[in-house]
Amino acid sequence: MVFNSYTFIAFFIIILLLHHLPFSWRVKKINLLLASYVFYAAWNPPFILLLWLSTVIDFFVGRALFTEENPHKKKLLLVLSLIGNLGMLCFFKYGTFLLENFVALTNVIGFDFHPAKPSIILPAGISFYTFTTLCYTIDMYKKRSEPVKSMLDFSLFVTFFPHLVAGPIVRPPQLVPQFEAPRKATQQQFFDGLLLLCLGLFMKVVLADGMLSGTADTVFNATQVLPTLDAWIGLFAFSGQIFLDFAGYSTCAIGVALCLGFVLPQNFNYPYAAIGFSDFWKRWHITLSAWLRDYLYIPLGGNRHGKWRTYFSLMVTMLLGGLWHGANWTFVAWGGLHGLYLWIEKFIRDHRKLKGESHQQLLAEYPAHKPWLGFLYAFLTFMLINITWVFFRADTFGKAWHLLGALFGIAAEGQPLLTTLAILKVSVILPIMLLFHWLMRDTKVLEVAHRLSWWSLGLAWSALVLCLIWAQESGSSFIYFQF
Amino acid sequence: MTQNSLLKPALFVVCLVTVVVLCFEIYYRSQGMTIAYDDGPPLWSHHRAMVYEPSEKTIVFIGSSRIKYDLDIATWEQLTGIHAVQLAIEGSCPRPVLEDLANDPNFKGRLVIDVTEGLFFNNNPPNQLNPNKDVKYFHEQTPAQEASFALNKVLESGLVLLDKDHLSLNAKLDELEIPSRPGVFMMPIFPLDFERCTFERQMYMSPKFLREPALQNQVKGIWAFFAAGAKKAPPMPDKDLDAIFASVKKNVAKIQARGGQVLFVRTPSSGPYLQGELMGFPRAKYWERLLATTGCPGIHFKDYPAIDHFECPEFSHLKKADAVVFTQNFIQILKEKGWPVSASN
């Protein structure tokens, strides 16, 4: 089920009604759990079995990991859990990719190996719920938090429908305590949640799907040589689409949970206003960045073992982070390019430190004291991030080079492709979006909403809802569902 | 503003949105506009699922836009008692749909294929885009999408303003027809009054369209635009045409092997459009060869005086009154061909 569908609206109304009826807290949690299974099964019912399997294994293994004192048995349990979780992810998400690469490798070394092409369907949200359960297992192993006491709470933690399919990726301490005591949304939470839901749907339905996706698809699917203008407009369109699609989903998820009285972690914080790449990763898909930092970068050594180890950890984290997004070398290249950016940024930062300047201090001062300089840095960051999107969106390196050639005028003069209307849509939406990010970079949308007069907020909110109705787009999947 | 006060703006939103939506609805209805359904993949898939009904009670129609205008489903069902499942898709080649039905072992029914030569004998990917999209959607449709479709039907049945092709934000922006750079392809915009779609997927022209020559000329202009594009395209190599005949023969044979029946129909066109089609697609080379290759019966409108005289308002499709007459005579011709077209058969 997707948030931008009539089915979800009907489903959500029923859930809200059930959640506000005078049932016991346990019954309400069972309702939420069953609803979450319905939400998930509405895509492909058989895959619910995988979710159950993952939940049951991790609940019991997690508990055993916490209580087991024998270090060997503990390690064995951890390895078994990792094999179970990552094995499932590898099979469904990377099975075809691994086989293709294996075949390519065997062919290169001279073996004539051509197995039948497997037909594996990717279960929705498997990358997200695998990471959710993995962090629980690792936390239990390291005794970072207490094991979840009830199977019901654990199942709800893994399956809670607002975050199940595309995050935010939650940690047990963020959500499990919220299930332990009865809770109902306050009036403020309820209407804040509704506002966020409308805003998220506006971002996804009106802007990402209605205004930008067609232009991005046209340019990235083009086989002919493109003029530089068309290439840049298509890239900007995707840059806007990927943010509005994914941040739109996260905003909906946070809003839906808030309407039920639950608080999910923030996942986006105006990333296109980031000054530098480490700042970008503190603002883009925050819950994934934090997961990768805590469960990959730091275990790899982080910045505690010298400069070179830090560079190594950074790059490995970004390469694997890229691969998490999809079973394709282009995603690895995307991660690698981000790793390279982070290397350069770290190099400059270290160099400045040697000169006695605090880079962080300088960055923090830009928006306040030199806004235009700060904006310039943010714009430069945005432009460099755009280059990475080429590899993220293009499904082959051939297409990526093709587009890069057009972007930098290396390719021959191409045939214009985009209509003036398509160019205008991108040219209007992207600058407004960037400006909005810049102006909002140090605040939150709900803070601004509560500062506005009731009628100006009402007018803005009405405009969002009317645009949603007018767009008449519904039901298309969110981009991150495929990851 | 206190922290609890979003209730007030929320109530304001409910009131304002309701008023604006009602105003638009009243305005559109005052302009004589009627309910039209979004003829996208969900509606197509809804009808595609009906091809498994018993073959003596159902006939499936595939093709391009003509059969969607020319077959009056109410007349058909009233006279025959047989359910007409309309799977034709405008502006497209029906071969992907034929292939889908041929490869579906559960489809054993009767199939009428409308042949618009310029689209049927065409390998341009854009002409196969929508059929492929619809077929893919049907096979991958989730329970959530089916539920959304059911809810959407309730809303579409009540609100004129829900008309994605003509009244949505993007449709209104497209209507501005902002000129583009030379060489950029701009899809022509069909007038709203030309494209009204029922839930059964029958298309019809509104009374306004039939009254106003300007609207008819707008569509004639669009046909001229496409014809000019087609003239510039190189002729199809013989081997490609042979491959098309071979694929149609193979797919028809698959359906027949399961006990199904297939019939081809060439629905009416008129004026310069018809002249162009006769020149571009000589009967002997296309229509006659199609029947000979597949061994299927065929009904060409030019062969039957009862249906050879229609004047299409925009040269290519029948108005609703003529669709009724065409359908009545079409049923009669089918009977003459030995096709059982009454539910009692």
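Residues numbered from 1 in each chain as written. Chains lettered and ligands numbered in written order. Predicted model: local features only at pLDDT ≥ 70, side-chain atom pairs only at ≥ 80, totals over all residues. Heavy atoms only, no water.

Chemist: Help me out: how do you make sense of helix H1 (residues 7-30) of chain B in this one?
Modeler: It helps to recall that an α-helix has 3.6 residues per turn; residues three or four apart then point in one direction. Taking 1.5 Å per residue as the helical rise, H1(B) with its 24 residues ought to reach 34 Å, and the 34 Å between its terminal C-alpha atoms agrees with that figure. Taken residue by residue, H1(B) has Pro9(B), Ala10(B), Val13(B), Val17(B), Val21(B), Glu25(B) and Tyr28(B) as its buried positions. Its buried side turned inward, H1(B) meets helix H9 (187-221) and helix H20 (454-471) of chain A together with helix H8 (143-158), helix H9 (164-167) and helix H10 (169-175) of chain B. After H1(B) finishes, the residue Gly32(B) shows a positive phi value of roughly 85 degrees. (Helix = DSSP H or I, 4+ residues; strand = E, 2+ residues; numbered from the N terminus. Expected span 1.5 Å × (residues − 1). Buried < 20%, exposed > 50% of the residue type's maximum accessible area, 1.4 Å probe, protein only. Contact = heavy atoms within 4.5 Å.)

Chemist: What exactly am I supposed to notice about the sheet that holds strand E6 (residues 261-266) of chain B here?
Modeler: Hydrogen bonds along the backbone pair up the strands of a sheet, which may run parallel or antiparallel. Residue and element names in this part refer to chain B. Pairing is parallel across the open sheet formed by five strands, whose spatial order is E2-E1-E3-E6-E7. Sheet topology places strand E2 (83-86) and strand E7 (298-300) at the edges, where each strand pairs with a single neighbour. Direction aside, the axes of adjacent strands within the sheet are offset by 20 degrees on average. Here five bridges tie strand E3 (residues 110-114) to E6, and the two strands are oriented parallel to one another. Its bridge partner lying in E6, aspartate 114 is registered against valine 265. Of the strands in this sheet, strand E1 (58-62) and E2 are in contact with helix H4 (residues 73-80), which crosses E2 at around 150 degrees. Contacting E1, E3, E6 and E7, helix H16 (residues 320-336) runs over the sheet at an angle of about 140 degrees to E7. (Pairing = 2+ DSSP bridges. Axes fitted to C-alpha atoms, helices over the stretch in contact; angles between N-to-C directions.)

Chemist: Just to check I follow, could you spell out the layout of surface pockets for this structure?
Modeler: Summary: where empty space remains is shown by rolling a probe the size of a single water molecule over the atoms. Residues and elements named next belong to chain A. Estimates place the volume of the second largest pocket at around 1,200 Å³. Around the second largest pocket, the lining comprises 43 residues; the ones closest to its centre are Leu199, Met203, Tyr270, Phe436 and Val445. Classifying every residue of the lining of the second largest pocket by side-chain character gives 32 nonpolar, nine polar and two charged. (1 Å grid on protein atoms, 1.4 Å probe; cavity = no way out; pocket = protein on both sides within 12 Å on 5 of 7 lines; lining within 4 Å. Points joined across faces, edges and corners; volume = space filled by probe spheres on them. Nonpolar A, V, L, I, M, F, W, Y, C, P; charged D, E, K, R; others polar.)

Chemist: How do you make sense of the interface of chain A and chain B when you look at a structure like this?
Modeler: One widely used convention gives an interface's size as the accessible area the parts lose upon coming together. On the side of chain B, 44 residues touch chain A, which itself brings 48 residues to the contact. Taking both sides of the interface into account, the surface hidden between chain A and chain B amounts to around 3,800 Å²; carbon and sulfur atoms contribute 67%. Area buried by chain A at its contact with chain B is led by Tyr6(A), Trp454(A) and Gln472(A), which between them contribute 19% of it. There are one salt bridge connecting chain A and chain B. In this structure, Arg181(B) and Asp230(A) form a salt bridge, with 2.8 Å as the shortest nitrogen-oxygen distance. For the side of chain A that touches chain B, the elements supplying multiple residues, two or more each, are helix H1 (6-20), H9, helix H10 (228-259), helix H18 (420-440), helix H19 (445-451) and H20 of chain A. Residue contributions to the side of chain A that touches chain B peak at twelve residues, all from H20(A). By residue class, the composition of the side of chain A that touches chain B is 30 nonpolar, 14 polar and four charged. (Buried area = accessible area lost by both parts, 1.4 Å probe. Salt bridge = Lys/Arg side-chain N within 4 Å of Asp/Glu carboxyl O.)

In short, geometric facts, not functional conclusions.
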